[in-house]
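Residues per chain, in single letters:
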Amino acid sequence: MSERLASFPRAGWLALAGTLFILVFVPLAPGRQAVGGLPLDTVILTVPIAVALAVPLFTRTGREGIPRIGIELPALVFLGWALLGMLFTGTQLAVMATWARYASYLLLVYAVAAVSTDEIRRRILLWVLALAGSVTVGHGFWQYVNPSQNIGMQGLDASVATRVFATFDNPNFYAEFLVLLFAVTLALVFVERGFLRYFAVALLCAQAMALLLTYTRGSWLALAVGLVVGVLMIDSRLLFPFIGAAAAMLPLVPGALARVMSIFSLEGTASFRLKLWEVAGAAMLERPVFGYGMGRFYDAFKEAVLNNTQLNVGFLFYGAHNSYFQLGAEIGIAGMLAFGWLVFEACRMGVFYNARMGEDLRPRLINAALTAGLVAFAINALTSNAFQHPRGAVFFWVLVGVQAGLGARYWRIPIIPRKRIPRPIGLWASSRVGRAFRAVTGWMGATWSASMANRLLTRDPAGDGRVLAGSILARVVFGDGPEISPAGPVRPAGGDAGS
């Protein structure tokens, strides 16, 4: 498959150009605008461009060039259930448009994966996103020193001037984007050398500061968990530098430490979220099978509040502040579980690749960074509508595609047992505490390797990533493609040799 994609460089660069529309315009352009009465945003406008410009690559490679995607089967179950639900909830334009948005994300994953199988194009993709995202960071810093809006300032320390949101509509939306941007830039720190590495480190520090200035606790906590997962995929001893860096940055941001401590409180916004989850739960119980229709959560919220006066939160429409609960109210409990399966598979594919990368350290480091971002975004969605905020959510699927492209050549490699990286014996390592720490981490590693959880996370994905490629639809639309030889694709006489 990788050989087929690499055999058509012009089509590959065209597919990259399509993806760059998303990477540049979605972070930098304003949010949703009404055009001719239709609500349009940069995601709606750029994702079809990215998918369309990847089509020439797939028509040349044929169905055998379609990348293996570990999320195929759960994505099709999720989309299929939501489509079936339209027979019972109606096919309003808003419902169909929301379904089309989710379907386009799956197509985008294929397009980005095809681009990312090539190392040079993958690095360009990562750098363009890191740079475009860093422009928003500069905008956020300008907002902080020139505060003009006070979005979501309730309950914050008096020392907090404002919450930055850059070109995004809300600090929470911006924070969701930043956790993914942080992962991309961290991958560049691992892959680059010399000046470019130092430059990536500087961008990373600026992005971390911007994330702190959003004062979004859910995103802070989610990124911390994601980084722990990513670090454990490489070496548990790397946890200490990350913890130290976070501890050093917190005092630099006014009110950040108090905001961190408020994570453990159930007062204020936390109690309000719990009430919103109750409303979403009531909506699910009222229509547990197919819900109210994709994208119609406000209708579900209003009906649940009117039917249950004890759930009155002072609003007749509001988001669930939990992407999974919101989808549960929209497409039913089974649809919610299918989406949860989809997100789980997207997050655990990093562990699947990591177990097969062996001593390929640079790919392992990039894979771990991307996994950290995906896990962070998925956890962030437990306390916000992250997957319903398109300008952040689209980059979750971009990262899924980048990781699929990175891991394409590891699918058929058997699991390679991990070797512990030797370290020189120093003062810490020779101390009793150091020896005890090594013993504990060694025991934990051995226990993990033999555990059922490890086997679950490293198993082959359902469908083996070939559901689309093996379908009749792919054969009809793309064909089998040219025969690949070491010298390149073998075309019929008179065929197009200029691709």
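Everything below is about the structure printed above this text.
Residues numbered from 1 in each chain as written. Predicted model: local features only at pLDDT ≥ 70, side-chain atom pairs only at ≥ 80, totals over all residues. Heavy atoms only, no water.

**Section: the overall build of the chain**
(1) Moving on: Scanning the chain from terminus to terminus reveals 20 helices and four strands.
(2) Moving on: Taken across its 499 residues, the chain has 52% of its residues classed as buried.
(3) Moving on: Sequence separation of at least 24 residues holds for 79% of the intrachain contacts in the chain that already meet a minimum separation of 6.
(4) Moving on: Total accessible area computed for the chain in this model is approximately 22200 Å², and 69% of it derives from carbon and sulfur atoms. (Helix = DSSP H or I, 4+ residues; strand = E, 2+ residues; numbered from the N terminus. Buried < 20%, exposed > 50% of the residue type's maximum accessible area, 1.4 Å probe, protein only. Contact = heavy atoms within 4.5 Å. Areas by Shrake-Rupley, 256 points an atom, 1.4 Å probe, with all protein chains shown as cover.)

**Here's the deal with helix α13 (residues 297-307)**
(1) Moving on: Among the residues of α13, Phe297, Ala300, Phe301, Ala304 and Val305 are the ones counted as buried. In a view along the axis of α13, the buried residues occupy a sector of 125°, so they form one face of it.
(2) Moving on: On its buried face, α13 sits against α12 (269-286) and α14 (323-357). (Arc of directions from axis to C-beta.)

**Digging into helix α15 (residues 361-380)**
(1) Moving on: Relative to the 28 Å expected for 20 residues at 1.5 Å per residue, α15 spans 28 Å between its end C-alpha atoms, a close match to the ideal helical length.
(2) Moving on: Burial runs high along α15: 17 of the 20 residues are buried. (Expected span 1.5 Å × (residues − 1).)

**Some thoughts on the side chain of Arg466**
(1) Moving on: Note that Arg466 resides in the loop between α19 (452-458) and α20 (472-478).
(2) Moving on: What makes Arg466 buried here is its relative accessible area of 18%.
(3) Moving on: Dropping the residues within four chain positions of it, Arg466 is found in contact with Arg63, Glu64, Ile66, Arg68 and Glu72.

**Some thoughts on a nonpolar patch on the surface**
(1) Moving on: On the surface, Phe21, Val24, Phe25, Leu28, Ile49 and Val135 cluster together into a nonpolar patch covering about 440 Å² of accessible area.
(2) Moving on: Position of Leu28 among the secondary structure elements: in helix α2 (residues 9-28).
(3) Moving on: Its relative accessible area of 33% is what places Leu28 among the partly exposed residues. (Patch = residues over 30% accessible without salt bridge, like charges linked within 9 Å, V, L, I, M, F, W, Y side chains within 5 Å. Salt bridge = Lys/Arg side-chain N within 4 Å of Asp/Glu carboxyl O.)

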